[in-house]
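# Examination of the molecular architecture
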Amino acid sequence: MSTSDHKHDSDESLQEEVARLRRAVEELSVLNDLARSIGASLDSEQVMRTIVQRSLRAVDAEQGVITLVGSDSASDTTTLIRTQLGSSEHPKFHLDRALLGWMYLNSKPLLVNDPQHDERFRGVHFDASIRSILCVPLMVKSQLRGVLTAYNKKEARGFTEGDERLLAIIAAQSAQVVENARLYEEEKVLTKMKEELRLASRIQTDLLPKESPQIPGYDIAATTIPAEQVGGDYYDFICCDQNRLVICLGDVSGKGLPAALLMANLQATLRGQAFLTPISKECMSRANRLLFNSTSPEKFATLFYAVLDLERQSLCYSNAGHERAILVKARGEPLQLGTGGLPLGILEEWSYEDECVDIHPGDSLVIFSDGIGETVNEQGEHFGADRTLEVVRANAHLSAVALMEKILEAVRVYSGHSKQLDDRTLVVVKKM
């Protein structure tokens, strides 16, 4: 080899080493810049927007996206942030299911510079404007938690192995930060949910009567035992005049704050209608129409609505799809009060029926929510209407409070260690 050839090779080696060192310095600069930008932030959107922006500049791509994946299935995905650099005329791309499935199976970088003809994705239709794709995994404790994807290298030749290495390093450095940001966001959502539940519980408590009415000749008791989640059980006493007491117990659809707001709507509706008409079925028809027109289609409420006439000693009721109340007679067989119609809010127009029964001394009326009958034991069997009736019959001679406690005790014993899944609400009315 001549001296000139040796010098030429030496110059090329030196240039390659200089280029390698320059790339290393640039990579370190990118990583340091990224670390400073995202290290102190807990705003998940800002963190991921910064990661995408720095990544696109590092590999000179037109568009990028971070897609979070669930821990069990590639189908459980959320595109958390998309950032596009360059001309705004480019369409916004979503990570293709085939690409996501490949990443989920392989959990390693994927470089595709000819997506339309890549043998690994035969039969997959990519958008014609996608020229090149570079995907790298976001791994946390050996689990794929997300995918960082860059689209369309600005230079025509496509992404390089150097781009793949740099983006993989960025992903490795960013994965835990992304996970921390997401966990922080989840914590904020949980805190908000807890506050909504607290507010819903307060609304419910404020709507329920502070005490049972004191009426000569009657013994009245009521209670509600909420499940862990704020449910939608509601009961009320409305003194329309000196001779009429409206007693109602209902269960609105849903849980939490929406249920509490629907309960408030129902209470306002019933209190307004109770003073307009003494006829149970008319009140129910009007309340149904108002509820239908003021709520979304999935909202409804079951309701037992009764007017206790203190002068005539009678109870006129209408049951809108609720549990049948039990009237244990001092003489005669118990009655189960089911006359009425559909739950409120299902159809705009519905003609409800009502029924009147006489109330005699020694009679006991028990109104309850489905949280009583649908209580399950450790074998998954329901307490049921028959057991409820048996407990009421066996203890009908007791005071209203004592009878109520006997029912609740029987339900507690039956459920054993099973979790309470629904509110348990009772109203007991005894004629002295």
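Use the structure listed above.
Here is a short report on the structure shown in this document. What you see is a predicted model; the values in this text were computed from it and never measured.

Here the focus is the overall build of the chain. A count of helical and extended segments in the chain gives nine helices and 16 strands. When burial is assessed residue by residue, the chain has 47% of its 432 residues classed as buried. For the chain, the exposed area adds up to about 22100 Å²; of that, 51% sits on carbon and sulfur atoms.

Inspection of the entire model under this criterion finds 12 salt bridges. The partner of Arg 120 in a salt bridge is Asp 118, with the nearest N and O atoms 2.9 Å apart. A salt bridge links Glu 349 to Arg 289; the shortest N-O distance between them is 2.9 Å. One end of the pair, Glu 349, is in the loop between β13 (340–341) and β14 (355–358); the other, Arg 289, is in helix α6 (residues 280–294), with 60 residues separating them in the sequence. Under the relative-accessibility criterion, Arg 289 is labelled partly exposed at 31%.

Here a disulfide denotes a covalent bond joining the sulfur atom of one cysteine to the sulfur atom of another. One pass over the structure, following the stated rule, counts one disulfide. In this model, Cys 316 is linked to Cys 356 through a disulfide, with the two sulfur atoms separated by 1.9 Å. Taking the sign of the S-S torsion, 105° for the link of Cys 316 and Cys 356, the bridge is right-handed. Here the residue Cys 316 occupies a position in strand β10 (residues 314–320), and Cys 356 occupies one in strand β14, the gap between them amounting to 40 residues.

On the secondary structure map, Thr 302 appears in strand β9 (residues 301–309). A relative accessible area of 14% places Thr 302 in the buried class. In this structure the side chain of Thr 302 is engaged in a polar contact, spanning 2.9 Å, whose partner is the side chain of His 322. In this view, Thr 302 contacts Leu 249, Gly 250, Asp 251, Ala 320, Gly 321, His 322 and Pro 343; residues no more than four positions away in its chain are not counted.

Nonpolar side chains in soluble globular proteins generally cluster together in the buried interior. Counting residues in each nonpolar core, the largest one holds 28 residues, and the members touching the most others are Val 246, Leu 266, Leu 270, Met 284, Leu 303, Tyr 305 and Leu 344. Elements with a minimum of two residues in this core: α4 (161–207), β7 (233–241), β8 (244–252), α5 (256–274), α6 and β9. Of all the elements, α5 adds the most residues to this core, at eight residues. Every residue in contact with Leu 303, bar those within four places of it in the chain, is listed here: Cys 248, Leu 249, Gly 250, Leu 270, Met 284, Ser 318, Asn 319, Ala 320, His 322 and Leu 344.

We now examine α6. Along its 15 residues, α6 runs 21 Å from first to last C-alpha, staying within 8% of the 21 Å computed at 1.5 Å per residue. Restricting attention to buried positions, one finds in α6 the residues Ser 280, Cys 283, Met 284, Ser 285, Ala 287, Asn 288 and Leu 291. Of the surrounding elements, those touching the buried residues of α6 are α5, β9 and β10.

A contiguous nonpolar surface patch, about 330 Å² in accessible area, is contributed by Phe 300, Ile 346, Leu 347 and Trp 350. Structurally, Trp 350 is set in the loop between β13 and β14.

Where burial is concerned, most of β10 is hidden: seven out of the seven residues are buried. Burial along β10 is two-sided: Ser 314, Cys 316, Ser 318 and Ala 320 and Leu 315, Tyr 317 and Asn 319, pointing in opposite directions, are all buried. Where β9 meets β10, seven bridges bridge the pair, whose relative direction is antiparallel. Bridging from a neighbouring strand, Asp 309 pairs with Ser 314 of β10. Joining the antiparallel neighbours β9 and β10 is a turn of four residues, in which Gln 313 adopts a positive phi near 55°. Pairing geometry for β10 and β14, over four bridges, is antiparallel.

The five strands are arranged β6-β16-β15-β11-β12 in an open sheet whose pairing can be described as antiparallel. Two strands lie at the open edges of the sheet, namely β6 (218–225) and β12 (335–337), each paired on one side alone. For this sheet, the mean inter-axis angle between neighbouring strands, taken without regard to orientation, is 15°. Bridge analysis of strand β11 (residues 325–328) against strand β15 (residues 364–368) gives three bridges, and the strand direction is antiparallel. Note that in β15 the partner of Ile 326 across the bridge is Val 366. Set on the sheet, helix α8 (residues 384–394) makes contact with β11, β12 and β15; between it and β11 the angle comes to about 30°. Across the face of the sheet, helix α9 (residues 400–415) comes into contact with β6, β15 and β16 (424–431) while running at roughly 145° to β16.

This part takes up the packing of α8 against α9. With their axes 9 Å apart at the nearest point, α8 and α9 run at an angle of 140° to one another. As judged from the angle between their axes, α8 and α9 are oblique. Handedness of the α8/α9 crossing: right-handed. Here Arg 387, Val 391 and Val 392 of α8 lie close against α9, whose contacting residues are Leu 403, Lys 406, Ile 407, Ala 410 and Tyr 414. When the residues that make up the contact of α8 with α9 are grouped by side-chain class, the tally is six nonpolar, no polar and two charged.

So, about empty space enclosed by the protein. Tallying each qualifying case throughout the model produces two cavities of 30 Å³ or more. When its volume is computed, the largest cavity comes out at roughly 50 Å³. Here the lining of the largest cavity is built from residues that sort into seven nonpolar, no polar and two charged. Lining of the second largest cavity is provided by Leu 68, Leu 138, Val 140, Arg 145, Gly 146, Ala 175, Val 178, Glu 179 and Arg 182.

Within the structure shown, the criterion is met by four aromatic pairs. Across from the ring centre of Tyr 218, 5.2 Å away, lies the NZ or CZ of Lys 431, which sits over that ring.

Conventions and cut-offs
- Residues numbered from 1 in each chain as written.
- Predicted model: local features only at pLDDT ≥ 70, side-chain atom pairs only at ≥ 80, totals over all residues.
- Heavy atoms only, no water.
- Helix = DSSP H or I, 4+ residues; strand = E, 2+ residues; numbered from the N terminus.
- Buried < 20%, exposed > 50% of the residue type's maximum accessible area, 1.4 Å probe, protein only.
- Areas by Shrake-Rupley, 256 points an atom, 1.4 Å probe, with all protein chains shown as cover.
- Salt bridge = Lys/Arg side-chain N within 4 Å of Asp/Glu carboxyl O.
- Disulfide = S-S within 2.5 Å.
- Polar contact = N/O pair within 3.5 Å; in protein donor to acceptor, adjacent residues only side chain to side chain.
- Contact = heavy atoms within 4.5 Å.
- Core = buried A, V, L, I, M, F, W, Y, C linked by side-chain atoms within 4.5 Å.
- Expected span 1.5 Å × (residues − 1).
- Patch = residues over 30% accessible without salt bridge, like charges linked within 9 Å, V, L, I, M, F, W, Y side chains within 5 Å.
- Pairing = 2+ DSSP bridges.
- Axes fitted to C-alpha atoms, helices over the stretch in contact; angles between N-to-C directions.
- Parallel < 35°, antiparallel > 145°, perpendicular 65-115°, else oblique.
- Left-handed = near helix turned anticlockwise from the far one by under 90°.
- Nonpolar A, V, L, I, M, F, W, Y, C, P; charged D, E, K, R; others polar.
- 1 Å grid on protein atoms, 1.4 Å probe; cavity = no way out; pocket = protein on both sides within 12 Å on 5 of 7 lines; lining within 4 Å.
- Points joined across faces, edges and corners; volume = space filled by probe spheres on them.
- Phe/Tyr/Trp six-rings, centres within 6.5 Å; stacked < 30°, edge-to-face > 60°.
- Lys NZ or Arg CZ within 6 Å of the ring centre and 35° of its normal.

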